[in-house]
Amino acid sequence: MMYRIVKKEVLAENIYLFDVKAPMVAKSAKPGQFVIVRIDEKGERIPLTICDYDNNKGIVTIVVQAIGASTMKLSRLNVGEKLCDFAGPLGKPSEFIHMTVEELKNKKYLFVAGGVGAAPVYPQVKYLNELGIKSDVIVGARNKELVIFENEFKELGCNLYICTDDGSYGIKGRVTDVINSLVNQGEKYDEVVAIGPMVMMKFVSMLTKKLGIKTTVSLNSIMVDGTGMCGACRVTVGGETKFTCVDGPEFDGHLVDFDVAMKRQNMFRDEEVRRLHHSEGCSCF
Amino acid sequence: MERVPVRELDAKERVKNFEEVCLGYNEEEAVLEASRCINCKNSKCVQNCPVGVNIPKFIEYIKNKDFKQAAEVVFDYNSLPSICGRVCPQESQCEGGCILGIKGQPVAIGKLERFVGDYVLENNIEVYEKKEQNGKKVAVVGSGPAGLSCASTLARLGYSVTIFEALHEAGGVLVYGIPEFRLPKDKVVKKEIENLIKLGVEIKTNVIVGRTITIEELLEDYQAVFVGTGAGLPRFMGIKGENANGVYSANEFLTRANLMKAFLNEYETPIKIGKKVAVIGGGNVAMDAARTAVRLGAEVHIVYRRTEDEMPSRLEELHHAKEEGIIFDTLTNPVEILQDENGWVKGMVLRKMELGEADESGRRSPIEVEGSDYVENFDTVVMAIGTIPNPLISYTTSEIQINKRKCIVVEEDTGKTTMDGVYAGGDAVTGAATVILAMGAGKKAAYAIDEYIKANS
Ligand SMILES: Cc1cc2nc3c(=O)[nH]c(=O)nc-3n(C[C@H](O)[C@H](O)[C@H](O)COP(=O)(O)OP(=O)(O)OC[C@H]3O[C@@H](n4cnc5c(N)ncnc54)[C@H](O)[C@@H]3O)c2cc1C
Ligand code: FES
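Reading the values: rules and limits
- For every chain, the first residue of its written sequence is number 1, and the numbers climb from 1 along that sequence.
- Lettering of chains starts at A and numbering of ligands starts at 1, both following the order in which they are written.
- Under the rules for a predicted model, residues below a pLDDT of 70 receive no local features and side-chain atom pairs below 80 are neither given nor counted, while totals for whole chains, interfaces and linings still include all residues.
- No hydrogens and no water enter the side-chain calculation; it runs on all heavy atoms of the structure.
- Throughout, the protein atoms alone are placed on a 1 Å grid, and a set of points is a cavity if a 1.4 Å probe fits but cannot get out or a pocket if it is open with protein on both sides within 12 Å along at least five of seven lines; lining residues have an atom within 4 Å of a point.
- Grid points are joined across faces, edges and corners, and a volume is the space filled by probe spheres set on the points.
- Each helix is a run of H or I in the DSSP string that is no shorter than four residues. Each strand is a run of E no shorter than two, and both are numbered from the N terminus.
- Each residue is assigned to one class: nonpolar for Ala, Val, Leu, Ile, Met, Phe, Trp, Tyr, Cys and Pro, charged for Asp, Glu, Lys and Arg, and polar for all the others, Gly among them.
- In this entry, domain limits derive from an automatic or database-based domain assignment.
- One heavy atom suffices: a residue is near a molecule or strand as soon as one of its heavy atoms comes within 4 Å of it.
- Side-chain atoms alone can form a polar contact between residues adjacent in sequence; in general such a contact is a pair of N or O atoms within 3.5 Å, and within protein one must be able to donate a hydrogen while the other accepts it.
- The nonpolar core is taken to be a set of buried Ala, Val, Leu, Ile, Met, Phe, Trp, Tyr and Cys residues, with the residues joined through side-chain atoms within 4.5 Å.
- Burial here depends on accessible area, computed with a 1.4 Å probe over protein chains only, as a share of the maximum for the residue type. Under 20% is buried, over 50% is exposed, and the range in between is partly exposed.
- We call two residues in contact whenever any of their non-hydrogen atoms come within 4.5 Å of each other.
- Each of two parts loses accessible area, computed with a 1.4 Å probe, when they are put together; buried area is these two losses added.
- Basic side-chain nitrogens of Lys or Arg form a salt bridge, by our definition, when they fall within 4 Å of a carboxyl oxygen of Asp or Glu.

## A few points about empty space enclosed by the protein
Residues and elements named next belong to chain B. Within this structure, the stated rule accounts for 4 cavities of 30 Å³ or more. When its volume is computed, the largest cavity comes out at roughly 130 Å³. Around the largest cavity sit 15 residues that line it, and Cys49, Val53, Cys88, Cys94 and Glu113 are the ones nearest its centre. For the lining of the largest cavity, the secondary-structure elements that each account for two or more residues are helix 4 (55–63) and helix 8 (109–122). Grouping the constituent residues of the lining of the largest cavity by class yields 11 nonpolar, 3 polar and 1 charged. Taken as a whole, the second largest cavity encloses approximately 110 Å³ of empty space. In terms of lining residues, the second largest cavity is bounded by 14 residues, among which Cys22, Arg86, Arg182, Arg314 and Glu316 are the most central. At the level of secondary structure, the elements contributing two or more residues to the lining of the second largest cavity comprise helix 6 (81–87), helix 8 and helix 15 (315–323). If you tally residues by element for the lining of the second largest cavity, the top one is helix 15, at 3 residues. Grouping the amino acids of the lining of the second largest cavity by side-chain chemistry returns 3 nonpolar, 2 polar and 9 charged. Counting contributing residues, the lining of the second largest cavity receives three or more from each of domain 1 (7–122) and domain 3 (238–385).

## Topic: the site of ligand 1
Residues and elements named next belong to chain B. Surrounding ligand 1, one finds 34 residues, the nearest of these being Val87, Ala146, Glu165, Arg182 and Asp427. Between ligand 1 and the protein, one listed contact pairs an oxygen atom with a backbone N or O atom of aspartate 427 at 2.9 Å. Within the residue set of the shell around ligand 1, elements represented by two or more residues are helix 9 (145–156), helix 14 (284–295) and helix 18 (435–456). If one sorts the elements of the shell around ligand 1 by residue count, helix 14 sits on top with 3 residues. Here the residues of the shell around ligand 1 are counted per class, giving 18 nonpolar, 11 polar and 5 charged. Looking at the shell around ligand 1, you find at least three residues from each of domain 2 (137–232 + 389–455) and domain 3 (238–385).

## Focus: the nonpolar core
Counting 111 residues, the largest nonpolar core has Phe58(B) and Ile62(B) as the members making the most contacts within it. In this view, Phe58(B) contacts Val53(B), Ala70(B), Val73(B), Val74(B), Ile109(B), Leu112(B), Glu113(B) and Val116(B); residues no more than four positions away in its chain are not counted. If you look at the next biggest cluster of nonpolar residues, it comprises 34 residues, including Ile15(A), Phe96(A), Val125(A) and Ala141(A).

## Some points on the domain arrangement of chain B
Residues and elements named next belong to chain B. Taken as a whole, chain B is organised into domain 1 (7–122), domain 2 (137–232 + 389–455) and domain 3 (238–385). Put simply, the middle of domain 2 and the middle of domain 3, counted by C-alpha atoms, are 30 Å apart. Contacts between the two partners involve 12 residues from domain 2, matched on the other side by 13 residues from domain 3. Buried area between domain 2 and domain 3, summed over both chains or domains, comes out near 1,100 Å², and the portion from carbon and sulfur atoms is 54%. Taken as a group, Tyr176, Phe181 and Arg182 account for 55% of the area that domain 2 buries against domain 3, more than any other trio of residues on that side. Linking domain 2 to domain 3 there are 2 salt bridges. One salt bridge in this structure joins aspartate 288 and arginine 182, with 2.8 Å as the shortest N-O distance. Taken together, the connections running from domain 2 to domain 3 amount to 4 residue pairs in polar contact (both at pLDDT 80 or more). Considering only residue class, the side of domain 2 that touches domain 3 consists of 6 nonpolar, 3 polar and 3 charged.

If you want it as structure tokens, here you go:
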């Protein structure tokens, strides 16, 4: 069984969207979950958050930022080419899918997306939107070129706030600045969902803790199997060791030990640099 | 007559590669070793075999050079002899009961079993006839020894069987855990799986039952389900510093090395190993991790809180580990993992232990020696202190009852779970155990499933 790429889009520099034919995954996928992708027989198992799914067409959408050797290789694939493995959906779905519409109607969600984090935020906002619940969404990026999913969020009719580090688009500043100003303007949120780089999630969680708003983050830990078998993805949450792939990927941001999580995330950085170098054809070391 | 020695790769050479260490018997050696069996009346070997292989009978056939007949006897009881011959703890099972062992060395039953299994694989002998299909479907979850043997038994009873496997490759621990130098993948494991496919079994990889599809959904399409999901969830000690960089579970370390082939440059999965590695534990898993680390070029220490006598690993692994230069720090237990300012392991605080009274398992339990703490530098630590069943299926299927050790509750004789039409066996039921027990459980459940389906149609 191979998994065919049926659509490819360049969303921004080094950020690509793929629609992949994977009917079994599309049928069961829920917001908050992820897949494990292997490009070919020699490839590593790459965890990627599900960013949309269409059960009727049997299609799952993923968004990839080309930062390492494997994600770069993935980003070079084209429509018609096939992935060797596409396993999922993995991880627990977002908590709100267990709530009734009535319960959700009384809640106000603020979604905070950093960089490619906009991709996994999208299915969550969409899910709530389909139940008639409008959320607020902040999308932060380094600059204008790196803002993704703007139109998609607009189509959902949510209150969208865009911010960039350099002010090239939307509000100049960081997502935490926007959260602060929304709260200062009197907005009341029952829950914040923050997805993006670890540091961003760390600072959002620190801020919302002060503000007293429950916060959910989605951790992109290093993984191997994604089924709970290896413990590579372990994180410290509330003083306990948890496996991101089976206990998460979403956790209470106020309980996550981000410093340990960030250190673990960098574990293979040197190795990655070495391999990247090799994969570009050099065999110097 | 002395036991016929088995040829092995030289320790100095083999630590530089991942090739199989034990070369096994050739025909001549096998016949000679078989001639040592005195065919005693009592056959303690058979009584000690978890699946009751008729050992004297198959050995008799080897003695007479009738290897095909020998294979038929073995396969009546055990569908994976090439694997079991390599990984069973023979010294505490068949060979432990051999009468020759009282005064000298027992018959090398494991090596003879392996010989028979390999003979079949190498000569492409069809040991099983393909049976006419009865049109009934059974789903098997997990492709470890329990799932494989259940599937093979059911296929031979005429069922159309589909195996659902979470990983990208079938075989369970046989492919992701046990290393190539002990159990060759292409030569043995893949061949066994190909034979299963020849029997008509379908294998669907990348399906995580409980997530991709639920047990309830499977029961809409299949008359019965067998759950052989193993005990894959690694345990950690719960000591300080355990989440530091450079601390792996044995499963992670072995999966990177075996399943993902991280030691080969052309494979993309990374592995990072320091100059000095500590492996915590004394079972097969610890030996496998230690011997893998040696092959990746490290100085390796096994840190174990009891003595060598209590180590649960196979005797052969212990010998091989020692030959390969692994240092045994016994009666020693880690109490803390020390890290540098970047969060990398730099050493451990170790505590000396002594043996006290025997515990309920009959092993003498270790007691801490007060004031004996010392620090030793290490740059990689591998935890091989056990695993528990993965909770995915029980999380998502409330009808399947589990006990407080997270093991699936079943009826002893049938493997029937608390959910109608669902059977289970192997490590998922017993907790981490052995290949042969998992295989036996899969086979037993297959017969129970056959009866269940017949009774319900
Ligand atoms: C490193 C190591 C060395 C060992 N050495 C020995 C030895 O020398 N001798 C010996 O007898 N025993 C040994 N063992 C133990 C032995 O391997 C196990 O007891 C045996 O493999 C258990 O078989 P099983 O079929 O129950 O489970 P497993 O082999 O664990 O297979 C379970 C399979 O189910 C899959 N799975 C899990 N959850 C799901 C799901 N939800 N959906 C789909 N698939 C799923 C897993 O991916 C896996 O492939 C060793 C174990 C390890 C880890
Ligand atoms: S990725 Fe292996 S346990 Fe989570």
